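# Inside the fold
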Amino acid sequence: MSTATRRFPLTDWTVVVPVVALLALVFSWGRDLPGFAVALVALCLCGAVLAAVHHAEVVAHRVGEPFGSLVLAVAVTVIEVALIVTLMADGGDKTASLARDTVFAAVMITCNGIVGLSLLVGALRNRVAVFNPEGSGAALATVATLAVLSLVLPTFTTSKPGPEFSTAQLTFAAVASLALYGLFIAVQTVRHRDYFLPVDTGSAAKPAAGAPDGDAGDDGGDGDGEHAAPPTSRAALVSLGLLLVALVAVVGDAKAVSPAIEAGVAKAGLPNAVVGVIIALLVLAPETLAAVRAARRDRVQTSLNLGYGSAIASIGLTIPAIALATIWLSGPLLLGLGPIHMVLLALTVVVSALTIAPGRATLLQGGVHLVLLAAYLFLAVSP
């Protein structure tokens, strides 16, 4: 029986794991955990990630593309924003750069990690990964604009000392981010929905004559999902509820283990920004797994929708939320990137534009994006 159409018995792991992970969050919240408890919470976190991917795919199959790829991206981002605001409220001045570090980490992980890994998997399967340059190019342009307005300009404005916006500038950035996000969603789901639908690779990505066709026709056990009947409305609603439970557990358990991560980072003598990178990697794990699984099904466009859509949601929702939160949050809000990160952002935008323009990508493009992600992670550890 396919994943999309089956029922959810109470003993199914996709039901049990999110509930157990949520219980782990309840019992660990606000407590100093010993080592074995941290390990158990981390195990629950990994299980919640896998369950979130499963339920996101069920919901996506029900609503269809491109709406399906929005479900996981928006859900994760909303909870991520709540996590950032919570940590900033508790951390004082030492979390002044948390929003910047988290958002930039999300941009680099999505635009280089998710996109690069998806292109690599798609190209390994069909030699050439095919997608819609119109939709992906529009998404990339939105990401670049949001990133520059929110993360680059604060470094150069002069109304306040340091990489900060004044109140008026932050308000403008928040309104502009929210407006761009809303416009992108309208274009993606209504006005030009066809630009964001998966491309038929039946003729475009066939292996060259005489070349091995790899696992063509084999979906690694996942192939029935694309052609099976959509799940019922009831099954989709159950999956939506379990998806939200799993995502709350992912973010909450990530916060529960973050003190242990912070202690380990400090003990290793690494920069404090590494904590934000680790948390971002954990929070974005469901989207990464979902994107890779879509690429294995020859739906690279869905993977790109997840990657760029997550980056757009991360900036477009986080900046307005942080701007609103500054009403009661004390301390500075550092948004401007440093020189190293600005160089990496510029290189990411240029390389992404060259990747998206042809509408086709090979192993090389996927590898280039993954090298950019590796450079970001290395420089986060050794700036």
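Heads up: the structure comes first, above all this text.
Figured I'd write up the structure that's included with this text. Residue positions within a chain follow its written sequence, with the count starting from 1. Side-chain atom pairs in this predicted model are given and counted only at pLDDT of 80 or more, local residue features only at pLDDT of at least 70, and totals for whole chains, interfaces and linings cover all residues. Working from all heavy atoms in the structure, the side-chain values ignore hydrogens and water.

## Quick notes on the overall build of the protein chain
How we decide: Strands are runs of DSSP state E lasting at least two residues, helices are runs of H or I lasting at least four, and both sets are numbered from the N terminus onward. Only protein chains enter the accessibility calculation, which uses a 1.4 Å probe. A residue is then buried if its area is under 20% of the maximum for its type, exposed if over 50%, and partly exposed in between. In this analysis, two residues are considered to be in contact whenever any of their non-hydrogen atoms come within 4.5 Å of each other.
Secondary structure summary: the protein chain contains 13 helices and two strands in total. Looking at the protein chain as a whole, 51% of its 383 residues qualify as buried. Sequence separation of 24 or more characterises 85% of the internal contacts of the protein chain that already satisfy a separation of 6 or more.

## Looking at the environment of alanine 357
Counting through the fold element by element, alanine 357 comes out in the loop between α12 (339-356) and β2 (360-361). The exposed category is assigned to alanine 357, whose relative accessible area is 56%. Distance in space between the C-alpha atoms of alanine 357 and serine 136 is 8.7 Å, their sequence separation being 221 residues.

## Brief notes about helix α2 (residues 35-63)
Cut-off, in case you're wondering: Multiply 1.5 Å by the residue count of a helix minus one, and that product is the helix's expected span.
For α2, with 29 residues, the first-to-last C-alpha span of 42 Å sits near the 42 Å given by 1.5 Å per residue. Of the residues trailing α2, glycine 64 is marked for its positive phi of about 80°.

## Let's talk about the side chain of serine 310
The topology assignment puts serine 310 in helix α11 (residues 300-325). If we ignore the near neighbours within four places in the chain, the residues touching serine 310 are Ala73, Thr77, Thr110, Glu287 and Asn305.

## Comments concerning the packing of helix α5 (residues 133-156) against α11
Pairs of packed helices are described in terms of their axes, by the angle between the two and the distance that separates them. Formally: Axis geometry follows a simple rule: fit a line to the C-alpha atoms, using only the stretch in contact for helices, then measure angles between N-to-C directions, giving values from 0 to 180 degrees. What sets the label is the angle itself: under 35 degrees gives roughly parallel, over 145 gives roughly antiparallel, 65 to 115 gives roughly perpendicular, and the rest give oblique. Should the near helix be turned counterclockwise from the far one by less than a right angle, the crossing is left-handed, whereas a clockwise turn marks it as right-handed. We call Asp, Glu, Lys and Arg charged. Ala, Val, Leu, Ile, Met, Phe, Trp, Tyr, Cys and Pro are nonpolar, and the rest, Gly among them, are polar.
The geometry of α5 relative to α11 is characterised by a closest axis approach of 9 Å and an angle of 25° between their N-to-C directions. Judged by the angle between their axes, α5 and α11 are roughly parallel. Remark: the crossing between α5 and α11 carries left-handed chirality. Residues Ser136, Ala139, Leu140, Thr142, Val143, Leu146, Ala147 and Ser150 of α5 pack against Gln301, Leu304, Tyr308, Ala311, Ile312, Ile315, Gly316 and Ile319 of α11. The residue makeup of the contact of α5 with α11, split by class, is 11 nonpolar, five polar and no charged.

## Concerning the nonpolar core
Here is the rule we go by: Among the buried residues, those of types Ala, Val, Leu, Ile, Met, Phe, Trp, Tyr and Cys that are joined through side-chain atoms within 4.5 Å form a nonpolar core.
Core analysis: the largest hydrophobic core is formed by 59 residues, its most contacted members being Met88, Tyr308 and Tyr376. Those elements that provide at least two residues to this core are α3 (67-91), α4 (98-126), α5, α6 (167-191), α9 (273-283), α11, α12 and α13 (363-381). Excluding residues that lie within four positions of it along the chain, tyrosine 308 makes contacts with Cys111, Val115, Ser136, Ala139, Leu140, Val143, Ser352 and Ile356. By size, the runner-up hydrophobic cluster in this structure holds 23 residues, among which are Ala75, Val251, Ala254 and Ile279.

## Some words on α12
Compared with the 26 Å implied by 1.5 Å per residue over 18 residues, the 26 Å span of α12 between its first and last C-alpha is a close match. Those residues of α12 that sit buried are Met342, Leu344, Leu345, Thr348, Val351, Ser352, Thr355 and Ile356.

## Quick look at the pattern of salt bridges
Applicable threshold: In the sections that follow, a salt bridge refers to a side-chain nitrogen of Lys or Arg positioned within 4 Å of a carboxyl oxygen of Asp or Glu.
Going through the model one piece at a time under the given rule, you end up with three salt bridges. Taking the shortest distance from any N to any O, the salt bridge between arginine 100 and aspartate 101 comes out at 3.3 Å. Assigned by exposure class, arginine 100 and aspartate 101 land together as buried. For arginine 125, the salt bridge goes to aspartate 298, with nearest N and O atoms at 2.9 Å. Residue arginine 125 is found in helix α4, and its partner aspartate 298 is found in the loop between α10 (285-296) and α11; the two are separated by 173 residues along the sequence. Judged by its relative accessible area of 11%, arginine 125 is buried.

## Some remarks on the packing of aromatic side chains
Quick note on the threshold: Paired rings are identified among Phe, Tyr and Trp, the last through its six-membered ring, by centres lying within 6.5 Å, and are further divided according to the angle between planes into stacked (under 30 degrees), edge-to-face (over 60) and tilted (the rest).
Per the stated rule, a full pass over the model turns up two aromatic pairs. Where phenylalanine 104 meets tyrosine 376, the ring centres are 5.5 Å apart and the plane angle is 80°; that geometry is what we call edge-to-face. With phenylalanine 104 in helix α4 and tyrosine 376 in helix α13, the pair connects residues that are 272 residues apart, well separated along the chain. Exposure remark for phenylalanine 104: the relative accessible area of 1% places this residue in the buried category. Classification of tyrosine 376 as buried rests on a relative accessible area of 3%. Seen from their ring centres, phenylalanine 184 and phenylalanine 196 are 5.7 Å apart, and the 90° between their planes marks the pair as edge-to-face. Of the two residues, phenylalanine 184 is situated in helix α6 and phenylalanine 196 in the loop between α6 and α7 (224-227); the sequence distance between them amounts to 12 residues. For the residue pair phenylalanine 184 and phenylalanine 196, the accessibility class agrees, reading buried in each case.

## Some points on a nonpolar patch on the surface
Stated formally: What goes into a patch is any residue over 30% in relative accessible area without a salt bridge, connected to like charges within 9 Å or, for nonpolar side chains (Val, Leu, Ile, Met, Phe, Trp, Tyr), within 5 Å. Throughout, the Shrake-Rupley method with a 1.4 Å probe supplies accessible areas, and for residues the shown protein chains are the sole cover considered.
Taken together, the side chains of Val19, Leu23, Val26 and Phe27 make up a nonpolar region of the molecular surface, amounting to roughly 390 Å² of accessible area. Its location among the elements puts valine 26 in helix α1 (residues 13-28). The exposure class of valine 26 is exposed, given its relative accessible area of 52%.

## Some words on the environment of leucine 344
Among the structural elements, leucine 344 can be located in helix α12. Between the C-alpha atom of leucine 344 and that of methionine 108, which follows or precedes it by 236 residues, the distance is 8.6 Å. Once residues lying within four places of it in the same chain are set aside, the contact partners of leucine 344 are Met108, Ala375, Tyr376 and Leu379.

## Topic: the packing of α6 against α11
It is the contact of α6 with α11, at a shortest axis distance of 8 Å, that shows an interaxial angle of 145°. Relative to α11, α6 is oriented so that their crossing is left-handed. Facing α6, whose interface residues are Leu170, Ala173, Ala174, Ser177, Leu178, Tyr181, Phe184 and Gln188, α11 presents Asn305, Ile312, Ala313, Ile315, Gly316, Leu317, Ile319, Pro320 and Ala323.

## Section: the state of the cysteines
The line we're drawing: The definition used for a disulfide is geometric: two cysteine sulfur atoms within 2.5 Å.
Tallying each qualifying case throughout the model produces zero disulfides. Its sulfur unpaired, cysteine 44 is 9.3 Å from the next cysteine sulfur, which belongs to cysteine 46. Among the residues examined, cysteine 44 registers a relative accessible area of 17% and is labelled buried.

Read these as geometric descriptors, not functional statements.
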